[in-house]
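One letter stands for each residue in the lines below.
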Amino acid sequence: MALLIYNTLTKKKEPFTPVAPGKVGIYLCGPTVYKPSHLGHAVGPIIFDAVKRYLTFRGYDVNWVVNITDVDDKLITEAAAQNTTVFELAERVTKDYVDSMAKLDVVGIDMMPKVSEHIGDIVDIIQSLIDKGVAYPANGDVYFDVTRHDGYGKLSNRDVADQEGQRDLQSTQKRNPGDFALWKAAKDSEPDIVKFDAPWGKGRPGWHIECSAMAMRYLGDTFDIHGGGMDLIFPHHENEIAQSEAASGKPFANVWMHNGLTRFNTKKISKSDPEMQAILAKMTLNVLLEEVPGELLRFLILSTHYRSPIEYSETALDAKRKALDTFHRLFERVERITGSSPYEDVPPIVAEPLVASSESAAVATAPSPAKDGLKGVSAETTDRFITAMDDDFNTGAAIAALFECATAINRFIESKKLESGTAPAELKVELLGAAHCVVGLGRLTGVFLAPPKKQGEEDDGLADTIMQVLLKVRQHVRGNKDFATADMIRDLLQEQAITLEDRADGTLWRKN
RNA sequence: GGCGGCGUGCCCGAGUGGACUAAGGGAGCGGAUUGCAAAUCCGCGAUUCGUGGGUUCGAAUCCCACCGCCGCCUCCA
């Protein structure tokens with residue numbers, strides 16, 4: 001069974017074969033740190049974090065690089081507008097980004113190189129492109145000549161000679177309308193800190209070259225997977241390919257993975273769209289993450305296939321919140337019955353590894369568990385989950401398998417009446433094992449990492465203390481069959497978005 | 001004008017030639033459970049996959065046309 005990945009370059013799903021056996025290099029285009037990121041910027045990192053978790057599980061040693069673009073026109077403009085320096089702004093926005101990533105449990109990024117620290121690499125590449133005759137300096141700028149490179153347009157499938165909306169040739173030093181800047185000459189009005197030395201004059205890198213430089217520096221001339229949003233296919237990734245392959249004479253990234261764009265009110269979320277500006281304030285990641293758990297955003301994003309667009313709305317979020325709660329409620333239920341937390345001591349998921357490395361050969365035999373009871377369900381769920389993920393990271397189908405497993409576990413609890421009286425030890429073991437399976441599989445995509453924050457945790461448990469008193473009073477009146485009072489308490493709490501759950505073993509409460 | 005994507009039940013969404021009378025979730029309805037709820041379980045719900053043709057023994061899945069939505073061609077994850 002092979003892992004299939006859809007490759008934008010070939011426009012089809014292909015069996016994945018890494019450059020070096022057992023190792024995977026991934027480059028994801030990261031943020032230009034001039035404004036706080038919005039929800040759309042979280043999609044790539046969340047998906048690739050899941051990809052890395054999954055590939056690691058499949059036996060690969062993954063090296064994942066996400067760049068930080070801290071030298072750019074927009075940074076210069078924004079820093080001036082905020083009356084600060086480019087690097088102060090960059091540092092602040094980078095921190096904001098890193099904080100958001102942490103809240104989203106994006107922990108797999110191995111390296112976040114900055115453009116400002118790779119000017120030397122960039123200059124070297126540009127020089128070699130000039131030496132090869134595919135780039136030319138013009139009044140301090142340096143341009144890439146798209147007519148001098150075979151294969152230009154192969155990613156985005158376009159003919160450069162036949163494009164509308166191209167920049168006016170007369171207003172620039174370009175030889176061809178499709179030529180793009182590798183280096184931009186410094187202007188007097190710009191701050192000195194973004195004026196870097198180069199053989200053809202002071203200036204700063206153009207937009208695309210930094211990714212080529214950092215990807216090749218950390219992953220090699222040819223590496224495995226390059227990712228980004230669909231809107232980057234042209235011109236950014238097309239240009240990256242051209243300049244990288246022209247410079248190295250080798251293929252650049254083997255597989256190009258592009259995620260769908262996030263939409264709001266059926267429109268793409270874009271920082272440059274005036275209509276989106278107001279909405280964007282609320283869609284800013286860090287603002288959103290104040291209200292919405294990172295796990296929920298991750299769950300929302302992973303519920304849809306990564307290449308499809310995601311329509312963001314409160315309604316969609318509420319539906320997902322409920323769906324996600326199903327799992328956490330189940331895990332709590334299992335813990336009440338077994339006395340053990342399904343979040344802890346999760347045994348590794350056993351599966352046939354994709355990578356036949358020598359050390360994993362010993363465990364290469366897939367188990368053949370008895371197909372009865374919950375063990376059979378776990379085995380089947382694992383199988384379905386892996387099949388889905390192996391097929392171009394079909395997280396939606398993988399999660400569907402987890403839902404069915406959750407239902408099977410609940411059914412098991414009901415049918416064996418595990419909540420009334422003391423459950424037999426062997427059934428507890430079986431139950432916990434199945435819950436561990438769901439947790440373990442979920443974690444391969446980065447969900448179910450921890451129990452949701454308990455109510456009242458922020459206020460030292462004061463809310464819970466008061467609730468316990470209130471519930472005790474209610475329990476008392478219920479004991480006296482004073483249901484009117486008991487229901488009044490429940491209804492009043494519901495008005496405050498607090499739901500009560502009367503169970504045989506006590507009453508639970510939760511804030512919706 | 002060029003390039004590309006999408007259109008599946010009330011909503012979201014997986015499936016891209018036969019196990020599809022179409023996964024899963026949300027909402028709804030009926031039942032079990034409950035003092036009533038909540039939670040959980042069971043059942044119901046698309047004979048059909050934007051529309052019209054075609055290919056095939058067989059299509060949601062391939063081809064053609066049309067309609068609608070979206071993205072890129074300028075900065076964008």
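Residues numbered from 1 in each chain as written. Chains lettered and ligands numbered in written order. Predicted model: local features only at pLDDT ≥ 70, side-chain atom pairs only at ≥ 80, totals over all residues. Heavy atoms only, no water.

Can you tell me about the domain arrangement of chain A, naming the residues and giving the values?
Here chain A is partitioned into domain 1 (4-13 + 23-298), domain 2 (313-443) and domain 3 (462-511). One C-alpha centre belongs to domain 1, the other to domain 2; they are set 38 Å apart. Counting from both sides, the interface comprises 17 residues of domain 1 and, opposite them, 18 residues of domain 2. Buried surface at the junction of domain 1 and domain 2, both sides included, amounts to about 1700 Å², of which 64% is carbon and sulfur. Taken as a group, Tyr54, Arg58 and Leu296 account for 40% of the area that domain 1 buries against domain 2, more than any other trio of residues on that side. (Domains from an automatic or database assignment. Contact = heavy atoms within 4.5 Å. Buried area = accessible area lost by both parts, 1.4 Å probe.)

Please set out the packing of helix H9 (residues 294-302) against helix H10 (residues 314-338) residue by residue, giving values where relevant.
Their axes nearest at 9 Å, the elements H9 and H10 cross at an angle of 105°. Here H9 lies roughly perpendicular to H10, going by the angle between them. Contacts from Glu295, Leu296, Leu297, Phe299 and Leu300 of H9 reach H10 at Ala316, Leu317, Lys320, Arg321, Ala323, Leu324, Phe327 and His328. Partitioning the contact of H9 with H10 into residue classes produces 9 nonpolar, 1 polar and 3 charged. (Axes fitted to C-alpha atoms, helices over the stretch in contact; angles between N-to-C directions. Helix = DSSP H or I, 4+ residues; strand = E, 2+ residues; numbered from the N terminus. Parallel < 35°, antiparallel > 145°, perpendicular 65-115°, else oblique. Nonpolar A, V, L, I, M, F, W, Y, C, P; charged D, E, K, R; others polar.)

Lay out the pairing of strand E3 (residues 23-28) in plain terms, naming residues and giving numbers.
For E3, the tally of buried residues reaches 5 of 6 residues, placing the bulk of the element in the interior. Here E3 runs beside strand E4 (residues 61-66); their pairing, made up of 6 bridges, is parallel. Looking at the pairing, Val24 lines up with Val62 of E4. In terms of handedness, the path from E3 via helix H1 (residues 39-57) over to E4 forms a crossover that is right-handed. In this sheet, strand E9 (residues 223-229) lies alongside E3 in parallel orientation, the contact comprising 3 bridges. Following the sheet pairing, Leu28 is matched in E9 by Gly227. (Buried < 20%, exposed > 50% of the residue type's maximum accessible area, 1.4 Å probe, protein only. Pairing = 2+ DSSP bridges. Right-handed = clockwise from strand over helix to strand, strands pointing away.)

I'd like a description of the packing of helix H2 (residues 73-81) against helix H3 (residues 86-103), backed by residues and values.
Interaxial distance between H2 and H3 falls to 8 Å at its minimum, and their mutual angle equals 100°. Overall, the two elements H2 and H3 adopt an arrangement that is roughly perpendicular. Residues Leu75, Ile76, Glu78 and Ala79 of H2 pack against Val86, Leu89 and Ala90 of H3. The residue makeup of the contact of H2 with H3, split by class, is 6 nonpolar, no polar and 1 charged.

Pulling in residues and values, what's your account of the packing of aromatic side chains?
A complete count under the given rule lists 16 aromatic pairs for this structure. Look at Phe144 and Phe180: their rings are 5.1 Å apart centre to centre, the planes differ by 15°, and that puts the pair in the stacked class. With Phe144 in strand E6 (residues 141-144) and Phe180 in strand E7 (residues 180-185), the pair connects residues that are 36 residues apart, well separated along the chain. With respect to class, Phe144 is no different from Phe180; both count as buried. Residues Phe327 and Phe448 carry aromatic rings whose centres are separated by 4.8 Å and whose planes lie at 45° to one another, so their mutual orientation is tilted. (Phe/Tyr/Trp six-rings, centres within 6.5 Å; stacked < 30°, edge-to-face > 60°.)

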